[in-house]
Amino acid sequence: MSGERERVLEVEDLQVRFATDTGEVPAVCDISLHVHTSETLALVGESGSGKSTVALAAMGLLPGNARASGRVTVDGTQVVGAGEAELARLRGRTASMVFQEPATALDPLTRVGAQIAEVIRNHRPLGRAEAAREAIELLRRVGIPEPEQRARAFPFQLSGGQRQRVVIAMAIANSPGLLIADEPTTALDVTVQAEILDLLRGLAADSGTGVLLVTHNMGVVADFADRVAVMLNGEIVETGPVEEVLLRPRHEYTRKLLAAVPRLVFQGEDPAPRQDAPVVELRDVRVRFGRGPRAVRALDGVSLDVRPGETVGLVGESGSGKSTAARVALGLIPPDSGTVSLFGTDLARSRGRRRRALLSGVGVVLQDPVASLDARMSVAECVAEPLRMHRRGMSAAERRARVAEVLELVRLPKELMARGPRELSGGQRQRVSLARALVLEPRLLVADEPTSALDVSVQRTVLEVIAELQRELGFGCLFVSHDLAVVQQFAHRVVVMRAGCVEEQGPTMSTLLRPRSEYTRRLIAAVPVPDPVVQRRRRAGVTV
Amino acid sequence: METLAYLARRTAQALVVILIVTVVVFCLLHALPGGPARGILGPQATAQQIAAFDHDQGLDRPLPVQYVYYLRTLLHGDLGTSYTLNEAVSQLVGQRLPKTLVLTVLSAVVGLLLAVPLGMWQAVRRNKPADYVITTLSFVAYSTPVYFLGLILVLVFTQELNWFPSQAPQGDTPAQVFADPVALVLPVVTGAASMVAVFSRYMRAATLENLSEDYVRTARAGGSRQGAILFRHVFRNSLTPVIAMLGYYVPVLFGGALVVEQLFNYPGMGLLFWSAAQSSDYPVLLGCVLVISVATVVGTLLADVVQRIVDPRVKAGRA
């Protein structure tokens, strides 16, 4: 690396501690890093590693209970300890930031053009009309169609990807020397992610902006970064050029992290097809939400089935109807037309006790383990609840024994039984959800993005537990996921959904390696692989 | 066009609500023991006199018939005739309503003008001495009964300090009332006190919630200063839930007027209602309740319309 180039961001011995009710918690311990002009440094690590804290510290945006020390210089200005007025002059002009969640990052009541114009006028003495014109130009630059009309839109009238483009337009409005992007594509679909990454890359290359990219996604790192710094527990454990770190990691933790990342593979055999009668079967199911002209066709003639012992991956972008399909299978949404049979019985024709008995054969694991477990119940109570509902005759001792047995199945230590869900880690909580889903020995497990809220290393153990238990217990699994690499590893068959329809379905390997539909092909091409060399070739359009 | 259709739909709903209100009030009032004849003719009246009165007023007919009759006259703008004052109810209400509106609207405006900045200021200075002091005062103001607060104000500002008169302006028209603004101060302050207390709490909570929103961080990251963020973004976003609450606050304001008018001898609808309740003057009571319920329904309707204007998401059905 050329040491001659200017450093737009220089962090030296940065320490950040958070004051909490139980005392001070260190978040970042003595880290040093720098970003040159026209280069991208990726700061990677799992949740709680302190990577976002570093990004916020560089903008002087740390929350009120944070205490920072050390030196953070942005284009020659010391940020740590600077006053609000000085920081306000810096933010949006010298350094800008793009955030993770485009849905909430914009003021819902202000037109997007006005929000961009505000950033312009914060730093340059332009009139309203001039700033508004420039805002439209910026919208054009970030690839928003019909920018004149779109500038007058409110954020809720734009898609997630368009909102993120607006946030990027705000960030580049005053041509900053440093752009900090904190998980800029985590909340977006893969195809949109690819577009946003392309946009950021192009903008950075055009203007020589230095980029600090905070992410947990190794594919994004391979796609975008020049150098990488790996964070663990508030420290940087390894730093170097992207090829070095991703292909020849030196630190034990980096190796572990990379090994846990699910990768798309480009060859493989289909497993033998299952012949048993399906545990769940959707036939030509249609679901509409709302009435009149605003009604949305959530599902439009969807047919799929899951057989005992097999996992069917349900993939597609947000809004494609995959979660709706899972809910129909769970009996939570009655279809407007078409049939749902569970274990060979038509769900629409069974009522009362029969229906309950039928549904007790289905276990469910949802995406957010915090939201889906009752915070006032202990782990043991959470797991025992389905037994109380469906096995009324069971004695308390039998119930306790069954709960202990299931917790052992999902590899949770007995000591955790009395704790509340909030006292567990994310992975532990998700295993409690899994134990709860399995306690009635279901014949079907519906898992809706079960690992999306988890770090990759935790994701891997949870997925392994599910796969192992499936081999042991033989349940069918309907596995909803947006992550094609996970589905490829985990599912026997795959159903690709788009706009409420099944785009194509078939055995996992042949469907994902030789997709018949253009849509599936695009979906796969958009997934960045965590290998910078391969990723560069894929981006250049060479099929692998 | 879309807004017109919305207004038509909401107005139709409002009419149904008002109809239900008239039924409920009608039933409640007729369930009271004694009946109006005894109240008007006094304890000395003979059974014959009472029967004659009941027949005269149509009170001996079945309740549903009385109700339908009542509704029919209502549609002609006729609210009946007062038993005790021998005047058309519509005329009585028509005279008093503007004065009560002056009092309640002034109280509401003064209350909001104080409550909104106070709440925002508290949110910005959260958990600092100023916040604690205002919070304590709010709870005191909210938990003090209106008549007690009014009495204390009268005692301090008219008896001890002699700053303001103890009576509200006595004029018959709003113009005459406004001619004596000094006399309006105490009634309006009394009426506004609980409003300030309640709405500064709402505003404080809404502002705090908005200050922790992501869009505030985005604005700061774009170099906007605290003041600009507060007034350009947080203010409007915090105001929407407060506007929604305003409509539901109309009956509370009228309830307050009942006490304030009594206390400051201000002959508005509150006083009218008060004396009518004491003499079982059914037509007047029904007239007042009807007017107040219409005001409430119109208030919520207005609040919804204002919200549609302030928050475009409401119109799109996204919020």
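Numbering of residues starts from 1 in every chain and runs along the sequence as written. Throughout, the order in which chains and ligands are written sets their labels, letters from A for the former and numbers from 1 for the latter. Residue-level local features of this predicted model are given only where pLDDT is at least 70; pairs of side-chain atoms are given and counted only at 80 or more, and the full residue set underlies all totals for whole chains, interfaces and linings.

### Focus on the overall build of chain A
The line we're drawing: Elements are defined by DSSP. Helices are runs of H or I of four residues or more, strands are runs of E of two residues or more, and each kind is numbered from the N terminus. Radius of gyration here uses only the C-alpha atoms, and the compact-globule reference equals 2.2 Å multiplied by the residue count raised to the power 0.38. Counting other C-beta atoms within 10 Å of a residue's own tells you its class, since 20 or more makes it buried, 12 or fewer makes it exposed, and anything in between is partly exposed; those C-beta atoms are placed from the backbone. Residues are scored as being in contact if the C-beta atoms we place from backbone atoms lie within 7 Å.
In terms of regular secondary structure, chain A is built from 20 helices and 20 strands. Its C-alpha atoms give chain A a radius of gyration of 25 Å, near enough to 24 Å, the size a compact globule of 544 residues would have. Projected onto its principal axes, the C-alpha positions of chain A cover 75 × 55 × 45 Å. A total of 544 residues make up chain A; the buried ones form 47% of that total. When contacts within chain A are restricted to residue pairs at least 6 apart in sequence, those whose partners lie at least 24 apart make up 69%.

### Here we look at the UniProt feature "transmembrane region" (unreviewed entry) in chain B
Residues and elements named next belong to chain B. What counts, and what does not: UniProt positions are given in the numbering used here, feature names are shortened, and annotations may be inferred rather than shown by experiment.
The positions UniProt marks with the feature "transmembrane region" (unreviewed entry) are residues 12-32, 101-120, 132-157, 177-199, 242-264 and 284-306. Along residues 177-199 the backbone is 91% helical and 0% strand, and the end-to-end C-alpha distance reaches 27 Å. Strand forms 0% of residues 284-306 and helix 100%; the C-alpha atoms that close the span are 32 Å apart.

### Things to note about the UniProt feature "domain: ABC transmembrane type-1" (unreviewed entry) in chain B
When the UniProt feature table is mapped onto this chain, "domain: ABC transmembrane type-1" (unreviewed entry) is found at residues 97-303 of chain B. Annotated as residues 97-303 of chain B, this span is 83% helix and 0% strand, and its ends, taken at the C-alpha atoms, are 21 Å apart.

### Some words on the interface of chain A and chain B
If you look at the interface, chain A gives 27 residues, while chain B gives 20 residues. Top element by residues in the side of chain A that touches chain B is helix α3 (residues 112-123) of chain A. It accounts for 4 residues.

### Some details on the pairing of strand β11 (residues 280-289) of chain A
Residue and element names in this part refer to chain A. Selection criterion: Between any two strands, pairing holds if DSSP finds at least two bridges.
Here β11 pairs with strand β12 (residues 296-306) via 8 bridges, running antiparallel. Paired with leucine 282 across the strands is leucine 304, a residue of β12. Hairpin remark: β11 followed by β12, antiparallel, with 6 residues in the connecting loop; positive phi at glycine 290, about 80 degrees. In terms of strand pairing, β11 meets strand β14 (residues 337-342) through 5 bridges, oriented antiparallel. Along β14, the bridge assignment pairs arginine 286 with serine 337.

### Remarks on the sheet that holds strand β5 (residues 77-78) of chain A
All names here are of chain A. Which entries qualify depends on this criterion: To obtain an axis, a line is fitted to C-alpha atoms, over the contacting stretch when the element is a helix, and the angle between two such axes runs from 0 to 180 degrees between their N-to-C directions.
Spatially, the 4 strands line up as an open sheet ordered β2-β1-β4-β5, and their pairing is antiparallel. Single-partner strands in this sheet number two, and they are β2 (23-36) and β5. Bridge analysis of strand β1 (residues 7-20) against β2 gives 10 bridges, and the strand direction is antiparallel. When the sheet's bridge partners are listed, arginine 7 is paired in β2 with histidine 36. Set on the sheet, helix α1 (residues 51-59) makes contact with β1, β2 and β4 (66-74); between it and β1 the angle comes to about 110 degrees.

### Comments concerning the packing of helix α12 (residues 269-278) of chain B against helix α13 (residues 282-310) of chain B
Residue and element names in this part refer to chain B. Going by this rule: The crossing is said to be left-handed when, going from far helix to near helix, the turn is anticlockwise and less than a right angle, and right-handed when the turn is clockwise. Following the grouping adopted for this structure description, the nonpolar residues are Ala, Val, Leu, Ile, Met, Phe, Trp, Tyr, Cys and Pro, the charged ones are Asp, Glu, Lys and Arg, and the polar ones are all others, Gly among them.
Contact geometry of α12 with α13 gives a least axis separation of 9 Å together with a crossing angle of 140 degrees. Handedness of the α12/α13 crossing: left-handed. Each of Met269, Leu272, Phe273, Ala276 and Ala277 in α12 lies in contact with α13, whose residues at this interface are Val284, Leu285, Cys288 and Val291. Its residues assigned to classes, the contact of α12 with α13 shows 9 nonpolar, no polar and no charged.

### What to know about the confidence of the model for chain B
All names here are of chain B. Inclusion rule: pLDDT runs from 0 to 100 and stands for how confident the predictor is about each residue.
Averaged over chain B, the pLDDT score is 85; the fraction of residues at 70 or greater is 95%. For chain B, the element scoring lowest by mean pLDDT is helix α2 (residues 35-41), at 66; helix α10 (residues 214-221) scores highest, at 94. For this predicted complex, the interface score ipTM comes out at 0.81, while the overall pTM is 0.83.

### Comments concerning the pairing of strand β9 (residues 227-232) of chain A
All names here are of chain A. For β9, a buried count of 6 out of 6 residues is recorded, marking the element as mostly surrounded by other parts of the structure. By the alternation rule, side chains of β9 split into Arg227, Ala229 and Met231 and Val228, Val230 and Leu232, which are all buried. As defined by bridge partners, strand β3 (residues 40-44) adjoins β9 across 4 bridges and the pair is classed as parallel. Paired with valine 44 across the strands is valine 230, a residue of β9. In this structure, the hairpin formed by β9 and strand β10 (residues 235-241) is closed by a connection of 2 residues, where asparagine 233 is found at a positive phi of approximately 50 degrees.

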